[in-house]
Amino acid sequence: MTHPTPSPRAAIKPAALRLLREIARQDAGDGVLFVPAPCGRWRMDGTTYVVADRTFHPLDASGYVDVGNGSTDPVRVTRAGRTFLANFRTEQGAAA
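Residues numbered from 1 in each chain as written. Predicted model: local features only at pLDDT ≥ 70, side-chain atom pairs only at ≥ 80, totals over all residues. Heavy atoms only, no water.

Caption draft 1: Structural context of the sheet that holds strand β2 (residues 41-44). The 3 strands are arranged β1-β2-β3 in an open sheet whose pairing can be described as antiparallel. Each edge of the open sheet carries a strand with a single partner, namely β1 (34-37) and β3 (50-52). With direction set aside, neighbouring strand axes in the sheet form an average angle of 35°. The pairing of β2 with β3 spans 3 bridges and is classified as antiparallel. By the bridge assignment for β3, Arg41 is matched with Ala52. (Pairing = 2+ DSSP bridges. Helix = DSSP H or I, 4+ residues; strand = E, 2+ residues; numbered from the N terminus. Axes fitted to C-alpha atoms, helices over the stretch in contact; angles between N-to-C directions.)

Now the structure itself:
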């Protein structure tokens, strides 16, 4: 018996989805800067939004964001990330 291949969306947890949305909302082309915060977290510069380091990993591995060198470069949402969000919104609208 074959099992269906899970949707890429199934691998994206709610925290990572929120992070992708926040980056996409803030990224006007130059990326979004994150600054180190305590306990392995990062704060989006100029905001109170704080996220665990591990939340970036599935987005980077899927090619939805470009984290640059992973510490000082701004994080950019990729074309694949914007497409993913557009498709996700379309699917959510169709499910309602």
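Following the structure, the description resumes.
Caption draft 2: The pairing of β2, seen in detail. Of the two faces of β2, the one lined by Trp42 and Met44 is fully buried and the one lined by Arg41 and Arg43 carries no buried residue. Sheet topology note: the β1/β2 ladder contains 4 bridges and is antiparallel. Bridge assignment links Ala37 to a residue of β2, and that residue is Arg41. The loop that links β1 with its antiparallel partner β2 comprises 3 residues; one of these, Cys39, has a positive phi angle of about 65°. Turn length for the β2-β3 hairpin, with the two strands adjacent in sequence and antiparallel, is 5 residues, and the turn residue Gly46 shows positive phi of about 85°. (Buried < 20%, exposed > 50% of the residue type's maximum accessible area, 1.4 Å probe, protein only.)

Caption draft 3: Unusual backbone geometry, seen in detail. Its identity as a non-glycine residue notwithstanding, Cys39 has a phi of 65°, on the positive side. Residue position: Cys39 is located in the loop between β1 and β2.

Caption draft 4: Just the side chain of Glu22, in detail. With respect to the secondary-structure elements, Glu22 resides in helix α2 (residues 14-26). Reaching out from Glu22, the side chain makes a polar contact with the side chain of Arg25 at a distance of 2.5 Å. Residue contacts for Glu22: discarding those within four places in its chain leaves Met44 and Tyr49. (Polar contact = N/O pair within 3.5 Å; in protein donor to acceptor, adjacent residues only side chain to side chain. Contact = heavy atoms within 4.5 Å.)

Caption draft 5: Structural detail: the nonpolar core. Core analysis: the biggest nonpolar cluster contains 23 residues, and Leu19, Leu20, Ile23, Phe34, Phe56 and Leu59 have the highest contact counts within it. Elements supplying a minimum of two residues to this core: α2, β2, α3 (56-61) and α4 (79-95). Per-element accounting of this core gives the leading share, 6 residues, to α2. Among residues more than four places away in sequence, those in contact with Leu19 are Phe34, Tyr49, Val51, Thr55, Phe56 and Leu59. (Core = buried A, V, L, I, M, F, W, Y, C linked by side-chain atoms within 4.5 Å.)

Caption draft 6: Main features of the packing of aromatic side chains. Applying the stated rule across the entire model yields 3 aromatic pairs. Centre to centre, the rings of Phe34 and Phe56 are 5.1 Å apart; their planes meet at 90°, and the pair counts as edge-to-face. Of this pair, Phe34 sits in strand β1 while Phe56 sits in helix α3, placing them 22 residues apart in sequence. There is no split in this pair, since Phe34 and Phe56 are both buried. Geometrically, the ring pair formed by Phe84 and Phe88 is stacked, given 6.1 Å between the ring centres and 20° between the ring planes. Taken together, the residues span about one helical turn, with Phe84 and Phe88 both in helix α4 at a distance of 4 residues. Judged by relative accessible area, which is 5%, Phe84 ranks as buried. (Phe/Tyr/Trp six-rings, centres within 6.5 Å; stacked < 30°, edge-to-face > 60°.)

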